[in-house]
Amino acid sequence: MSARPRQPISSGSEWSFELIKQYDREIARLAERYALDTYPNQIEVITAEQMMDAYASVGMPIGYHHWSYGKHFLATEKGYSRGQMGLAYEIVINSDPCIAYLMEENTMCMQALVIAHACYGHNSFFKGNYLFRSWTDASSIIDYLVFAKQYIMQCEERHGIDAVEELLDSCHALMNYGVDRYKRPYPISAEEERQRQKEREEQLQRQVNDLWRTIPKTGDKHKASDGKRWPAEPQENILYFLEKHAPLLEPWQREVVRIVRKVAQYFYPQRQTQVMNEGWATFWHYTLLNDLYDEGLVTDGFMLEFLQYHTSVVFQPSFDSPYYSGINPYALGFAMYQDIRRICENPTDEDKHWFPDIAGSDWLSTLKFAMQSFKDESFILQYLSPKVIRDFKLFSIIDDDQKDDLLVSAIHDEPGYRHIRELLAAQYNLGNREPNVQIWNVDRRGDRSLTLRHTQHDRKPLADSCDEVMKHLHRLWGFDIHLESVQGEQVVRTRHMPLKPSLESEQPRLDLIVPPI
Amino acid sequence: MSYVIDRRLNGKNKSTVNRQRFLRRYREHIKKAVEDAVSRRSITDMEHGEQISIPGRDIDEPVLHHGRGGRQTQVHPGNKEFTSGEHISRPQGGAGGRGSGKASNSGEGMDEFVFQITQDEFLDFMFEDLALPNLVKRHLAGIDSFKTVRAGISNEGNPSRINIVRTLRSAHARRIALSGSSRGKLKLALTELDRLKNEEPDNLTDIAATEEEIARLRRRIDKVPFLDTFDLKYNLLSKQPNPTSKAVMFCIMDVSGSMTQATKDIAKRFFILLYLFLKRSYDKIEVVFIRHHTSAKEVDEEEFFYSRETGGTIVSSALKLMQEVMAERYPAHEWNIYGAQASDGDNWNDDSPVCREILLKQIMPFMQYFTYVEITPREHQALWFEYENVGEAFPDSFAQQQIVAAADIYPVFRELFQRRISA
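Being a predicted model, the structure only gives us computed values, none of them experimental.

**What to know about the overall build of chain A**
Phase 1: From N to C terminus, chain A includes 23 helices and nine strands.
Phase 2: Looking at chain A as a whole, 53% of its 517 residues are labelled buried.
Phase 3: In chain A, the share of contacts with a sequence separation of at least 24, taken over all contacts with a separation of at least 6, comes to 74%.
Phase 4: When the accessible surface of chain A is totalled, it reaches about 23800 Å², and 51% of it is carbon and sulfur.

**Examining the domain arrangement of chain A**
Residue and element names in this part refer to chain A.
Phase 1: Splitting chain A by domain gives domain 1 (17–129 + 274–308), domain 2 (141–210 + 227–271), domain 3 (318–431) and domain 4 (443–504).
Phase 2: If you average the C-alpha positions of domain 1 and of domain 2, the two centres end up 32 Å apart.
Phase 3: Taken together, the contact between domain 1 and domain 2 spans 17 residues of the former and 18 residues of the latter.
Phase 4: Between domain 1 and domain 2, a total of about 1500 Å² is buried, with carbon and sulfur atoms accounting for 68% of that surface.
Phase 5: Counting every contact that joins domain 1 to domain 2 gives zero salt bridges.

**Some remarks on the sheet that holds strand E8 (residues 246–254) of chain B**
All names here are of chain B.
Phase 1: Pairing in this open sheet of six strands is mixed, and the strands run E10-E9-E8-E11-E12-E13 from one edge to the other. The open sheet has two edge strands, strand E10 (296–299) and strand E13 (398–403), and neither has a second partner. Between one strand and the next, the sheet's axes are offset by a mean angle of 20°, whatever the strand orientation.
Phase 2: Sheet analysis places strand E9 (residues 284–292) next to E10, joined by four bridges and oriented antiparallel. By the bridge assignment for E10, Ile 290 is matched with Glu 298.
Phase 3: In the packing of helix H12 (residues 382–393) onto the sheet, the strands contacted are strand E11 (336–343), strand E12 (369–375) and E13, and the crossing angle to E13 comes to about 150°.

**Digging into the nonpolar core**
Residue and element names in this part refer to chain A.
Phase 1: Ranked by size, the top nonpolar core spans 83 residues in total, and within it Trp 284, Leu 332, Tyr 337, Phe 379 and Leu 424 carry the most contacts.
Phase 2: Ranked by the residues each element gives to this core, the list is headed by helix H4 (residues 108–128), at 13 residues.
Phase 3: Two domains each provide a minimum of three residues to this core, namely domain 1 (17–129 + 274–308) and domain 3 (318–431).
Phase 4: Apart from residues no more than four positions distant in its own chain, Trp 284 is found in contact with Tyr 34, Leu 36, Gly 121, Trp 363 and Leu 364.
Phase 5: Listed in part, the 64 residues of the second largest apolar core include Ile 141, Leu 167, Ile 238 and Val 263.

**Topic: the domain arrangement of chain B**
In many analyses, interface size is given as the accessible surface area lost on bringing the parts together.
Residue and element names in this part refer to chain B.
Phase 1: Domains assigned within chain B are domain 1 (14–58 + 109–130), domain 2 (160–236) and domain 3 (246–422).
Phase 2: Its C-alpha centre places domain 1 at a distance of 30 Å from the equivalent point of domain 3.
Phase 3: Each partner contributes residues to the interface: domain 1 has 16 residues there, and domain 3 has 19 residues.
Phase 4: With both chains or domains summed, domain 1 and domain 3 bury close to 1400 Å², and 64% of this area falls on carbon and sulfur atoms.
Phase 5: Mapped onto the side of domain 1 that touches domain 3, the elements with two or more residues apiece are helix H2 (27–40) and helix H4 (119–130).
Phase 6: At six residues, the largest contribution of residues to the side of domain 1 that touches domain 3 is made by H4.

**Some details on empty space enclosed by the protein**
Phase 1: Taken as a whole, this structure holds six cavities of 30 Å³ or more when the rule is applied.
Phase 2: Of the volumes computed, that of the largest cavity is approximately 70 Å³.
Phase 3: Forming the boundary of the largest cavity are Leu 174, Ile 238, Val 437, Leu 452, Val 469, Met 470, Leu 473, Ile 481 and Leu 483 of chain A together with Leu 64 of chain B.
Phase 4: Residue assignment for the lining of the largest cavity shows that the elements contributing at least two residues are helix H21 (465–477) and strand E8 (481–487) of chain A.
Phase 5: When the residues that make up the lining of the largest cavity are grouped by side-chain class, the tally is 10 nonpolar, no polar and no charged.

**Focus: the pattern of salt bridges**
Phase 1: Applying the stated criterion across every chain yields a total of 47 salt bridges over all chains.
Phase 2: One continuous salt-bridge network, built from bridges that share partners, spans Glu 26, Arg 29, Arg 33, Asp 291 and Glu 295 of chain A.

**Considering a positive patch on the surface**
Residue and element names in this part refer to chain B.
Phase 1: Residues Lys 185, Arg 219, Arg 220 and Lys 223 make up a contiguous surface patch of positive charge.
Phase 2: Along the chain, Arg 220 falls in helix H7 (residues 204–223).
Phase 3: Given a relative accessible area of 43%, Arg 220 falls into the partly exposed group.

**Concerning the packing of aromatic side chains**
Phase 1: In total, this model carries 42 aromatic pairs over all chains according to the counting rule given.
Phase 2: Ring centres of Tyr 266 of chain A and Phe 267 of chain A lie 5.1 Å apart, and the angle between their planes is 65°; this geometry places the pair in the edge-to-face category. Here Tyr 266 of chain A matches Phe 267 of chain A in class, with each residue buried.
Phase 3: An angle of 75° between the planes, with centres 4.8 Å apart, marks the rings of Tyr 372 of chain B and Tyr 387 of chain B as edge-to-face.

**Section: the packing of helix H6 (residues 164–199) of chain B against H7 of chain B**
Residue and element names in this part refer to chain B.
Phase 1: The N-to-C vectors of H6 and H7 enclose an angle of 155°; their axes lie 9 Å apart at closest approach. Between H6 and H7, the angle falls in the class roughly antiparallel. Regarding H6 and H7, the two cross each other, and that crossing is left-handed. Where H6 approaches H7, its residues Ser 179, Ser 182, Arg 183, Lys 185, Leu 186, Ala 189, Leu 190, Glu 192, Leu 193, Leu 196 and Lys 197 are matched on the opposing element by Asp 206, Ile 207, Thr 210, Glu 211, Glu 213, Ile 214, Leu 217, Arg 218, Arg 220 and Ile 221.
Phase 2: Within the contact of H6 with H7, the residues separate by chemical class into nine nonpolar, three polar and nine charged.

**Some points on the sheet that holds strand E1 (residues 41–46) of chain A**
Phase 1: The four strands lie next to each other as E2(A)-E3(A)-E1(A)-E1(B), forming an open sheet whose pairing is mixed. Looking at the sheet topology across the chains shown, the edges are occupied by strand E2 (90–93) of chain A together with strand E1 (2–6) of chain B. With direction set aside, neighbouring strand axes in the sheet form an average angle of 20°.
Phase 2: Relative to strand E3 (residues 98–103) of chain A, E2 of chain A is paired through four bridges, and the arrangement is antiparallel. Following the sheet pairing, Val 92 of chain A is matched in E3 of chain A by Ala 100 of chain A.

**Some points on the interface of chain A and chain B**
Phase 1: Tallying the contact residues gives 91 residues for chain A and 63 residues for chain B.
Phase 2: Roughly 7300 Å² of surface becomes buried between chain A and chain B when both sides are summed, with 56% attributable to carbon and sulfur atoms.
Phase 3: In terms of surface lost to chain B, no three residues of chain A exceed Trp 67, Leu 74 and Phe 319 of chain A, which account for 10% of the buried area on that side.
Phase 4: Arg 24 of chain B is the salt-bridge partner of Glu 165 of chain A, the closest N and O atoms lying 3.8 Å from each other.
Phase 5: Per-element tally for the side of chain A that touches chain B: the top contributor is helix H3 (residues 67–81) of chain A, with 10 residues.

What counts, and at which threshold
Residues numbered from 1 in each chain as written. Chains lettered and ligands numbered in written order. Predicted model: local features only at pLDDT ≥ 70, side-chain atom pairs only at ≥ 80, totals over all residues. Heavy atoms only, no water. Helix = DSSP H or I, 4+ residues; strand = E, 2+ residues; numbered from the N terminus. Buried < 20%, exposed > 50% of the residue type's maximum accessible area, 1.4 Å probe, protein only. Contact = heavy atoms within 4.5 Å. Areas by Shrake-Rupley, 256 points an atom, 1.4 Å probe, with all protein chains shown as cover. Domains from an automatic or database assignment. Buried area = accessible area lost by both parts, 1.4 Å probe. Salt bridge = Lys/Arg side-chain N within 4 Å of Asp/Glu carboxyl O. Pairing = 2+ DSSP bridges. Axes fitted to C-alpha atoms, helices over the stretch in contact; angles between N-to-C directions. Core = buried A, V, L, I, M, F, W, Y, C linked by side-chain atoms within 4.5 Å. 1 Å grid on protein atoms, 1.4 Å probe; cavity = no way out; pocket = protein on both sides within 12 Å on 5 of 7 lines; lining within 4 Å. Points joined across faces, edges and corners; volume = space filled by probe spheres on them. Nonpolar A, V, L, I, M, F, W, Y, C, P; charged D, E, K, R; others polar. Patch = residues over 30% accessible without salt bridge, like charges linked within 9 Å, V, L, I, M, F, W, Y side chains within 5 Å. Lys, Arg positive; Asp, Glu negative; His and termini not counted. Charge placed at Lys NZ, Arg CZ, Asp CG, Glu CD. Phe/Tyr/Trp six-rings, centres within 6.5 Å; stacked < 30°, edge-to-face > 60°. Parallel < 35°, antiparallel > 145°, perpendicular 65-115°, else oblique. Left-handed = near helix turned anticlockwise from the far one by under 90°.

Right under this line is the structure:
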């Protein structure tokens, strides 16, 4: 191996378009060796200002206008101009072709790292992982975003910026509750959207009108519906429900709700595969650039610079460090993929006991299977090995507000492995992370109020921002909103919007009766 | 398959609209911050942006999430001394590692959202109350105080400004220079050919060789391009500031007990506006602050706006002082003199005719413009009526106006600006 003379592609830290192309060719050739299946790449070189723009639109290449993106931008701009914060080295977009942004200020080494990370790591993840395959449609997303932007601009012209802004505020507040979790969404196509939009507007409105018809059709049918809840099953996709059934929304407003819902749906897989996605991309930039080095295509200096970036990306501060802010998805994901490879190539007795099916198997196909068939929660449940738990020194804390102190329920030892693994997996379950709030009932014959039900998990209450969210919900629905928090079958707390006068304030308060002196 | 695209030349201001939306939404906060800044800053210091901070909770985008409480389990890395089943006391506050982790997760860390607005935006917000029309705003924010003049010839420029004569001249020179040696050889070859044809018409090989040589040289001369990029010459235009000169601005304000801080703030805006306007028209501006009650005094800005005095009012004292300062330091042939007087209209009754006399005889003949603003909702007193006489005598350079709120400041200016812009 070492007999071959080293002929590095470049030796300085300056990049040029020619060099980027050369590195990309070499990295593509190596990726080919591992049969990484990717979308075509579109590598775009941009300036730091443009990176801030890209940043502000939260990863959408084309976004509709909204003040919250301006807020993002101002925050980024300030942080960057004061040097408090570096910009992300790359942004990659799940589209076909896969768009990756390289920043002008990066060194050649960094550009190569980003190409390996984004254009081959993330890109193959987007194309391979089952969530992305079945929930997003990479080929049509750009077109759809263009459609959405134009539609919202038209709405602003017709109905005023304020009306659209208020509506978007309300929709954004409920964005995480605008996702179909179980049903595969119909693939979106901008062309079809445009064609069907008119038709849908009319049809939707007719449906809604029908639902809220106040003239009884026949006596017996009316009677039959009494006493029953409607909708019959609780609905978890709140935005979808509002789009279809909110009584007072105009057709264009329903369309805007739909747009926000579609965008939320597009991001849904990303939120569920943070560890897997970043881990996968990190694993491949590490593997591919090391291969480049083994072939003598990069210099020692390049490699040292690369390792410095790499180690800072996968750095995991411990819980008592001032830099600690939860588990670093890059670190955990990278460690797990590396560990799977190790289990396949050099299994220990422990691995054979814990992972009899993969110990000693072909690492590449095992790794790809893992990447394709899981999301964070199930990936951790399936593959978190005792070795990784030991390396990270993981431990779990139970913080129960009914107890005086905290309990360390498990640590990185033999009896604790399974417990830690289950808890960590649950931590990545979106269903646990977000409060479980569903649409429970609509008072169709009465005051048209909407009742939602929050099923508490481990007695966790809703945060105070919930009142604000209810205001937004009230704006969309147009009638009273009630939110019940339920433990088991028992309602523990009810919130109302608009606020109902509470009993206490009706009684005269003594301190107010005393006249001021 | 990869495509590399250079997007650096694409617009970088994709976020401008969103940024504007943000400013629009929080204009109340920003306006307040700008107002504070206006009263805090010196009137000669309006030329930069401002840092705005908005309480974090006001710009939150609410979403449903879990609050504190209940039974929370969390896995952390980096265990050092804990064993399973151990009870540890709950860390207090956000100081410990666990505490800070949770605090940032639930988004309680940020309490102030701070950002910067540019000078243009700052002035926009400041002008807003003053109800300025756009033309004047643009004039104040100052874009068009240059004129373009010819400044010779340059090698770079805009295609529409090509200087054809110069370009062809330099192309010609280049053609001569580059083809010089070939031309010389051609000349020799032509004479040689003539000689051969006349003297040795049978020497066909030499004739053919010379003819070929001639053809080769001609090709070579033809290869020198008629016009090359470095022949191009352009007329150079350069921007020159408008001929400007020096101006002095007198700010005169009544600081007697009847002037409240609110009145003074309105006066301050008026002075700022005048200052900004002068700044666009003149290179160098000096500002003289004269305050008066029963006697007048030249002071610095801080004292001018923020010190309190009591007592009666004798306006003529200030005018006398102004006249003295003018005579001593600002001769009218060197300086453009502007005056701005703010008062609540009170004056010692016997003093008002004196004021008129001083203005008419000693001040107005040297003034570019003198404005008097009376900041009061009450009825006019003697001073106003005396000043009306001055206005009749100098209709082009004297203006007086009553101001009740900040938005009334503009009408005073309108006349002045119209004169300036049309001039």
